[in-house]
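# A look at the structure
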Amino acid sequence: MGVVNVTPDSFSDGGVFDTAEDAVAHGRRLAAEGAQILDVGGESTRPGADPVPVEEELRRVLPVVEGLARVARVSIDTMKLAVAEAAVDAGASYVNDVTAFRHDPELAGLVADRGLDCCLMHMLGEPRTMQRDPRYGDVVSDVKAFLTERMEAAVRAGVPEERIQLDPGIGFGKTLDHNLELLRRLEELTELGRPLVIGTSRKSFIGRITGRDVTERVHGTVATCVLALERGARVFRVHDVAAVSDALKVTSATVAGWPTSPRTTTTS
Ligand code: HH2
């Protein structure tokens, strides 16, 4: 899943692709690099970010969704029903809601009625305040209980379970230790029985460990994605698609065997 942020203030690429033309060109590039889903977002969820009015979010994302719908599968990264609805009309078929239908419970109805796939993510608190001293009993058990509850709520609203993917929400109300523990014990979340989405890309915990600026965290990002694949993640939301895609191909070939038979050899 390649990230296409159409925002002035996203933490790693804010203002870089803030015209529709640039964002569409960027999305095309990510698809060519191997992204199967393009996640288009018009509102930053970085800690301390200000909310964006619906009209402005629509202005940012709609031309980009339209421009990319013919290129790859498009996901709309929004917590707002009105934005998701218009994006689906423009060609999106996946809703990525970092509030897991808590901000706008009616979003679940849209996903159900239109036969969409969705990602439900864990977040402690809300973006403005989530990094102020987050605490858990046991972070993995707490996230697991939350995702179970949100999945049940979505199913009650009519979303078939097969349409749901789940995300522990790396960096959303979590300390460095919380993020690392979630990655280390990711396998426990596979018990939920749904594909796991993971979003570590360029996040600040990688900067804390490596001392690298946000534009220099690709190697750290690759490490987290490789680990996450090995521990059961199946969707990787990243900015640096080419690097992560190669790393995941090599990881899955190693884990599962390439092509399938050990007798097939290559010279390179
Ligand atoms: N992370 C971000 C945004 N959306 N969605 C899911 N499912 N999982 C994530 O981990 C996730 C997400 C934050 O990254 P980014 O979009 O690059 O930054 P910003 O929110 O500042 O636009």
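Residues numbered from 1 in each chain as written. Predicted model: local features only at pLDDT ≥ 70, side-chain atom pairs only at ≥ 80, totals over all residues. Heavy atoms only, no water.

It is worth spelling out the overall build of the protein at this point. The number of helices and strands found in the protein is nine helices and eight strands. For the protein, whose C-alpha radius of gyration is 18 Å, the value lies close to the compact-globule estimate of 18 Å for 268 residues. Of all 268 residues assigned to the protein, the portion counted as buried reaches 53%. Sequence-distant contacts, at least 24 apart, represent 66% of the contacts inside the protein between residues at least 6 apart. For the protein, the computed accessible surface area is about 12400 Å², with 50% contributed by carbon and sulfur atoms. Of note, the protein has its 31 positive side-chain charges centred 4 Å away from the centre of its 40 negative side-chain charges. (Helix = DSSP H or I, 4+ residues; strand = E, 2+ residues; numbered from the N terminus. Rg over C-alpha atoms; globule rule 2.2 N^0.38 Å. Buried < 20%, exposed > 50% of the residue type's maximum accessible area, 1.4 Å probe, protein only. Contact = heavy atoms within 4.5 Å. Areas by Shrake-Rupley, 256 points an atom, 1.4 Å probe, with all protein chains shown as cover. Lys, Arg positive; Asp, Glu negative; His and termini not counted. Charge placed at Lys NZ, Arg CZ, Asp CG, Glu CD.)

Below, the discussion takes up the environment of Arg208. Inspection of the secondary structure assignment puts Arg208 in helix H7 (residues 204-210). Taking the C-alpha atoms as reference points, Arg208 and Leu38, 170 residues apart in sequence, are found 28 Å from one another.

Attention now goes to the pattern of salt bridges. Taken as a whole and judged by the stated rule, the model has 18 salt bridges. Note that Arg60 is salt-bridged to Glu56, the shortest N-O span being 2.9 Å. On the criterion of helical spacing, the pair formed by Arg60 and Glu56 is a turn pair, its members being four residues apart in helix H2 (residues 54-68). Arg60 gets classed as buried once you look at its relative accessible area, which sits at 13%. Note on Glu56: relative accessible area 23%, which makes it partly exposed. When the shortest N-O distance is used, the salt bridge between Arg185 and Glu188 registers 2.7 Å. The partly exposed category is assigned to Glu188, whose relative accessible area is 28%. In this structure, a network of salt bridges that share partners links the residues Asp138, Glu181, Arg185 and Glu188. (Salt bridge = Lys/Arg side-chain N within 4 Å of Asp/Glu carboxyl O.)

Once that is clear, we can look at empty space enclosed by the protein. In total, this model carries one cavity of 30 Å³ or more according to the counting rule given. Taken as a whole, the largest cavity spans an internal volume of roughly 30 Å³. Contributing to the lining of the largest cavity are Glu43, Thr45, Asp77, Thr78, Met79 and Val98. (1 Å grid on protein atoms, 1.4 Å probe; cavity = no way out; pocket = protein on both sides within 12 Å on 5 of 7 lines; lining within 4 Å. Points joined across faces, edges and corners; volume = space filled by probe spheres on them.)

This part is about the layout of surface pockets. Estimated volume of the largest pocket: approximately 540 Å³. At the level of elements, helix H6 (176-184) and H7 are the ones that each hand at least two residues to the lining of the largest pocket. Here the element with the most residues in the lining of the largest pocket is H7; it accounts for three residues. Looking at the lining of the largest pocket residue by residue, the class counts come to nine nonpolar, 13 polar and nine charged. (Nonpolar A, V, L, I, M, F, W, Y, C, P; charged D, E, K, R; others polar.)

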